[in-house]
Amino acid sequence: MNPEQIVKGAIVDSWVEGAPSRGTRTRLVLQVVPRGRPKDLLIVEAEPSLVPDSGWLEDLRENLCHGSPVSAVVRKTIGGLFRASSLQLNR
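If you're wondering where the values come from, they're calculated on a predicted model, not measured in any experiment. (Residues numbered from 1 in each chain as written. Predicted model: local features only at pLDDT ≥ 70, side-chain atom pairs only at ≥ 80, totals over all residues. Heavy atoms only, no water.)

**Student:** I keep staring at unusual backbone geometry and nothing clicks. Help me out?
**Tutor:** Leaving glycine out, the prevailing phi sign among residues is negative, and the prevailing peptide bond configuration is trans. Phi is positive for Asn63, close to 60°, though the residue is something other than glycine. In this fold, Asn63 is placed in the loop between helix H1 (54–61) and strand S4 (69–76). According to the relative accessible area criterion, Asn63 is partly exposed, its value standing at 33%. (Helix = DSSP H or I, 4+ residues; strand = E, 2+ residues; numbered from the N terminus. Buried < 20%, exposed > 50% of the residue type's maximum accessible area, 1.4 Å probe, protein only.)

Here you go:
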């Protein structure tokens, strides 16, 4: 079992992927540069319900949050991405 860890950094890209089929969920995808590791790029997937409000979600969908600080509690997936169980977003 992969332990949870905290990722802190800045958002460099973001988008919302719609559900391609009935059995699939909508997901938020964030590309995050971790604090202190400017050459690394992490892909963090999250449920849209983790975003504090609809204004934030719309801004993330429209790429208006580049450079915004983010802190996420994540677990690494089999594919090497990070799945968030908690998001803290700041402007």
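**Student:** Looking at this structure, how should I read the sheet that holds strand S5 (residues 82–89)?
**Tutor:** Spatial ordering of the closed barrel is given by S1-S2-S3-S5-S4, a layout of five strands whose pairing is mixed. Strand-to-strand twist across the sheet, computed as the mean angle between neighbouring axes with direction ignored, equals 55°. The sheet contact formed by S4 and S5 spans seven bridges and is antiparallel. From the neighbouring strand, Val70 faces S5, where its bridge partner is Leu89. This element, H1, spans strand S1 (5–17), strand S2 (27–34) and S5 of the sheet and lies at about 70° to S1. (Pairing = 2+ DSSP bridges. Axes fitted to C-alpha atoms, helices over the stretch in contact; angles between N-to-C directions. Contact = heavy atoms within 4.5 Å.)

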